[in-house]
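Spelled out from the first residue to the last, the chains are:
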Amino acid sequence: MIWAPRGWLNSANLLIIVTLVVVFTALAWVFYPGSMPSGFSSAEQAAKIGSSSLNSISDNPVNAPHKLLLYGLQKTGSPGHTSLRMVSVIFALLLAGCFYYLVRSWFGKSIGLMATIIFCLSTFFIIAAKQASGEIMFFTPLALMAVYLWFTRTEKKSLVLIVLMMAAGLALYIPGILWFVLGALAFSWKKLIAKTEDVPVAYVAGGFLVLGMLILPLGIAVIDDWRVIKTLALVPSELSDPIQIVKNTAWMASALILRAPHGSLFVLGGLPLLNMIMTALFVFGIYAMFKAAKKKMLSLMTALVFAIAAAGVNNNLSLLFLGLPAAGIMMAAGLRYLYIEWRGVFPHNPIPKSLALILMTLLVGVQLVYSLTYTMSAWPNASSTKSSYVIK
């Protein structure tokens, strides 16, 4: 018998599946033999030194949420590369949960589960989760979007508003997030104000108080050293000439779906960040959202274009991670579009509908095998990787 989505894929089974995938992946990231470099990279070493004391963090609070956990591990006697990388794994699991909440809310449970596996078990997400240097924090827009969606849909808006303010305050310590927060306010400030009309004034004041307390250390650091705000705003210390910036930006756009520049820790052999499966879903997602949700598509594309521009200006491929959550959401839309189109061909026959889910599950399986092979075998054993992680 072939079950339809409402059969075996109910809430209880979804919870079990997601939990098992998350636990397995977390353990594999950390404990799978040979899947982790045996030394620190220069960026990881800098993060370790920058989080060695509270004074170091207060002087340069960039990535402070990540640094504080690194500091805690070092003070408890766990300064090794495996334990320090666990901080990124923890944030990766939280962000994976945020991504699942977003796509499940918009596209349904089955599509949400498949899209989460495709995105959160992608090569770039897993490799970012293996870094003690905190590149995983560039995916923070997922957390902000998830909390905002929760705020707009819950009936307990008073408490969730405080959570939203807290998330925004912590996120401002991540490079580039300042622009996302300002862009989100410009795009949806009217809706945000409308949603807070029924929230008691005490909770609104409490939310702003929490926000102010969280960003106070950041403000003090900026006053002491104005270069901190440059880092957070993704302003490079030295600008390249305009022609070089254009070339870098073109390379960063190419790195998404065509070919990446050599020299990055996150790709091998110039492979793009999005493989063929993800690129196809991304293209279908753009088409589907253009037809059904043009404003949301434009806002997601704006985030992606901003990330490409920021990566180009700074010549830093990891800044593309700021825009990949938007790409991931459009991939989920593409997966949903293909499923709906297949159902439209056979609207009253349950077998083709279930077959569509089976085919999509196989697609997810292929993606999963590719990503795990890439990140647990090819990437850690590549000569470029080994030569970058040599600091003991």
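Residues numbered from 1 in each chain as written. Predicted model: local features only at pLDDT ≥ 70, side-chain atom pairs only at ≥ 80, totals over all residues. Heavy atoms only, no water.

Draft legend 1. Region of the structure containing the overall build of the protein chain. A tally of regular secondary structure across the protein chain gives 18 helices and zero strands. Evaluated residue by residue, the protein chain yields a buried proportion of 48% over its 392 residues. Residue pairs in contact within the protein chain that sit at least 24 positions apart in sequence constitute 73% of those at least 6 positions apart. As displayed, the protein chain has an accessible area near 19000 Å², and 71% of this comes from carbon and sulfur atoms. (Helix = DSSP H or I, 4+ residues; strand = E, 2+ residues; numbered from the N terminus. Buried < 20%, exposed > 50% of the residue type's maximum accessible area, 1.4 Å probe, protein only. Contact = heavy atoms within 4.5 Å. Areas by Shrake-Rupley, 256 points an atom, 1.4 Å probe, with all protein chains shown as cover.)

Draft legend 2. A look at the nonpolar core. If you look at the biggest cluster of nonpolar residues, it comprises 110 residues, and the most contacted ones within it are Phe119, Phe124, Ile136, Phe139 and Leu324. A total of 12 residues in this core trace back to one element, the largest contributor, which is helix α5 (residues 81-107). Residues in contact with Ile136, not counting those within four places in the same chain, are Ser88, Phe91, Ala92, Leu95, Phe125, Ala128 and Ala129. (Core = buried A, V, L, I, M, F, W, Y, C linked by side-chain atoms within 4.5 Å.)

Draft legend 3. Spotlight on the pattern of salt bridges. Tallied over the full model, the rule gives two salt bridges. Ionic pairing is found between Glu44 and Arg85, a salt bridge with its closest N-O pair at 2.8 Å. Within this pair, whereas Glu44 is found in helix α2 (residues 42-50), its partner Arg85 is found in helix α5, the two being separated by 41 residues in sequence. Across this residue pair, the class does not change: Glu44 and Arg85 are buried. Ionic pairing is found between Arg227 and Asp225, a salt bridge with its closest N-O pair at 3.0 Å. (Salt bridge = Lys/Arg side-chain N within 4 Å of Asp/Glu carboxyl O.)

Draft legend 4. Layout of the packing of α5 against helix α6 (residues 109-120). Where α5 contacts α6, the two axes come as close as 8 Å, and the packing angle between them is 145°. At the point where α5 passes α6, the crossing takes the right-handed sense. Residues Ala96, Phe99, Tyr100, Val103, Arg104 and Phe107 of α5 form the contact with α6, whose participating residues are Lys109, Ile111, Gly112, Leu113, Ala115, Thr116, Phe119 and Cys120. Residue classes in the contact of α5 with α6 are distributed as 10 nonpolar, two polar and two charged. (Axes fitted to C-alpha atoms, helices over the stretch in contact; angles between N-to-C directions. Left-handed = near helix turned anticlockwise from the far one by under 90°. Nonpolar A, V, L, I, M, F, W, Y, C, P; charged D, E, K, R; others polar.)

Draft legend 5. The arrangement of helix α9 (residues 157-171) in detail. Its 15 residues give α9 an end-to-end C-alpha distance of 20 Å, which sits within 8% of 21 Å, the value for a rise of 1.5 Å per residue. Within α9, 11 of the 15 residues are buried, which leaves it mostly tucked inside the rest of the structure. All of the buried residues along α9 are Lys157, Ser158, Val160, Leu161, Ile162, Leu164, Met165, Ala167, Ala168, Gly169 and Ala171. On the buried face of α9, the contacting elements are α8 (141-153), α10 (177-195) and α11 (201-224). (Expected span 1.5 Å × (residues − 1).)

Draft legend 6. A look at helix α15 (residues 294-314). The end-to-end C-alpha distance of α15, which contains 21 residues, comes to 30 Å, matching closely the 30 Å that a straight helix rising 1.5 Å per residue would cover. Those residues of α15 that sit buried are Met297, Leu300, Ala303, Leu304, Ala307, Ile308, Ala310, Ala311 and Gly312. Immediately downstream of α15, the backbone of Asn315 shows phi near 50°, a positive value.

Draft legend 7. A look at the state of the cysteines. Within this structure, the stated rule accounts for zero disulfides. In this structure Cys98 is not part of a disulfide, and its nearest cysteine sulfur, from Cys120, lies 9.5 Å away. Among the residues examined, Cys120 registers a relative accessible area of 4% and is labelled buried. (Disulfide = S-S within 2.5 Å.)

Draft legend 8. A look at the packing of aromatic side chains. Summed over the entire model, instances satisfying the criterion amount to 15 aromatic pairs. Summarising the aromatic geometry, the rings of Tyr287 and Tyr337 are spaced 5.6 Å apart at their centres and angled 80° between planes, so their arrangement reads as edge-to-face. Of this pair, Tyr287 sits in helix α14 (residues 276-292) while Tyr337 sits in helix α16 (residues 324-345), and the two are 50 residues apart along the sequence. (Phe/Tyr/Trp six-rings, centres within 6.5 Å; stacked < 30°, edge-to-face > 60°.)

Draft legend 9. Layout of the side chain of Thr152. Examined against the element boundaries, Thr152 turns out to sit in helix α8. Relative accessible area serves as the criterion here: at 11%, Thr152 is assigned to the buried category. Looking at Thr152, its side chain comes within polar contact range of the main-chain oxygen of Leu149, at 2.8 Å. Beyond its immediate sequence surroundings of up to four residues, Thr152 is in contact with Lys157, Lys191 and Lys195. (Polar contact = N/O pair within 3.5 Å; in protein donor to acceptor, adjacent residues only side chain to side chain.)

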